[in-house]
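Given next are the chains, with one letter for each unit.
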Amino acid sequence: GWRGPPPRPRPPPRPSPPRRDRLPVPRLTSVPKPGAKPCGDDLDRRIASLAGPAVLSFLILPIAQATDLFWVGRMGEALALAGQAAASQLYSTLSFLTSTLPTITVPRIAAARAAGDDAAVQE
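A few points on the structure. Everything quoted here is computed from the prediction, not taken from an experiment. (Residues numbered from 1 in each chain as written. Predicted model: local features only at pLDDT ≥ 70, side-chain atom pairs only at ≥ 80, totals over all residues. Heavy atoms only, no water.)

**Points about helix α2 (residues 78-114)**
Working note: α-helix, 3.6 residues per turn, so residues spaced by three or four point in the same direction. Along its 37 residues, α2 runs 55 Å from first to last C-alpha, staying within 8% of the 54 Å computed at 1.5 Å per residue. Where α2 bends most, at T105, the angle is about 25°, and the proline P107 comes one to four residues later. Within the sequence span of α2, burial applies to Q84, S88, S92 and A112. With its phi angle positive at about 80°, G116 sits one or two positions after the end of α2. (Helix = DSSP H or I, 4+ residues; strand = E, 2+ residues; numbered from the N terminus. Expected span 1.5 Å × (residues − 1). Bend = angle between axes of the 7 residues up to and from the residue. Buried < 20%, exposed > 50% of the residue type's maximum accessible area, 1.4 Å probe, protein only.)

Set out below in structure tokens:
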């Protein structure tokens, strides 16, 4: 037989209110079309504002090493120059390895924070 009217569909879930402990995400005023070249919009200005500090960060290590090479080279000792070159290579390698740690850890911490997992954030 007859079982009555079909069940009513459920209404869509309400969006949760924004959390107050999160920083606001800056919104871009325009979205570039795929394949678009730089057009001077908000995104281009944000990228350009990061260019100076990024270039300076990349130049610090080679400038310091060139300065060391200059002064040790003025000593006139080939062995001292070879030692400085080896130390410079070791320093560059350690600097590279330690600079990759934030690249690995920051996304994991951000994902744990977004999920509200404070225990994972503290690990």
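**Some remarks on the pattern of salt bridges**
Side-chain pairs of opposite charge can arise where the charged atoms are in close proximity. The full count for this structure, using the stated rule, is two salt bridges. For D42, the salt bridge identified is with R45, shortest N-O distance 2.5 Å. Remark: R45 and D42 occur in helix α1 (residues 42-73); sequence separation between them is three residues, near one turn of the helix. The residue D118 makes a salt bridge to R113 at a minimum N-O spacing of 3.8 Å. On the accessibility criterion, R113 (37% relative accessible area) is partly exposed. (Salt bridge = Lys/Arg side-chain N within 4 Å of Asp/Glu carboxyl O.)

**Notes on α1**
Under the 1.5 Å per step criterion, the end-to-end length of α1 is 47 Å for 32 residues, consistent within 8% with the ideal 46 Å. Most pronounced at L59, the bend in α1 amounts to some 30°, and the proline P62 follows within four residues.

**Considering the packing of aromatic side chains**
Tallied over the full model, the rule gives one aromatic pair. Plain terms: the ring middles of F70 and W71 are 5.0 Å apart, the flat faces sit at 80° to each other, and that makes the pair edge-to-face. (Phe/Tyr/Trp six-rings, centres within 6.5 Å; stacked < 30°, edge-to-face > 60°.)

**Focus on the side chain of Q84**
Its location among the elements puts Q84 in helix α2. With sequence-adjacent residues up to four places away left out, Q84 is seen in contact with Q65, D68, L69 and V72. (Contact = heavy atoms within 4.5 Å.)

**Brief notes about the packing of α1 against α2**
Where α1 contacts α2, the two axes come as close as 10 Å, and the packing angle between them is 165°. One element, α1, and the other, α2, form an angle in the roughly antiparallel class. As for the relative orientation of α1 and α2, their crossing is right-handed in sense. Only A80, L81, Q84, S88, Y91, S92 and S95 of α2 make contact with α1, whose side of the interface consists of L61, Q65, D68, L69, V72 and G73. (Axes fitted to C-alpha atoms, helices over the stretch in contact; angles between N-to-C directions. Parallel < 35°, antiparallel > 145°, perpendicular 65-115°, else oblique. Left-handed = near helix turned anticlockwise from the far one by under 90°.)

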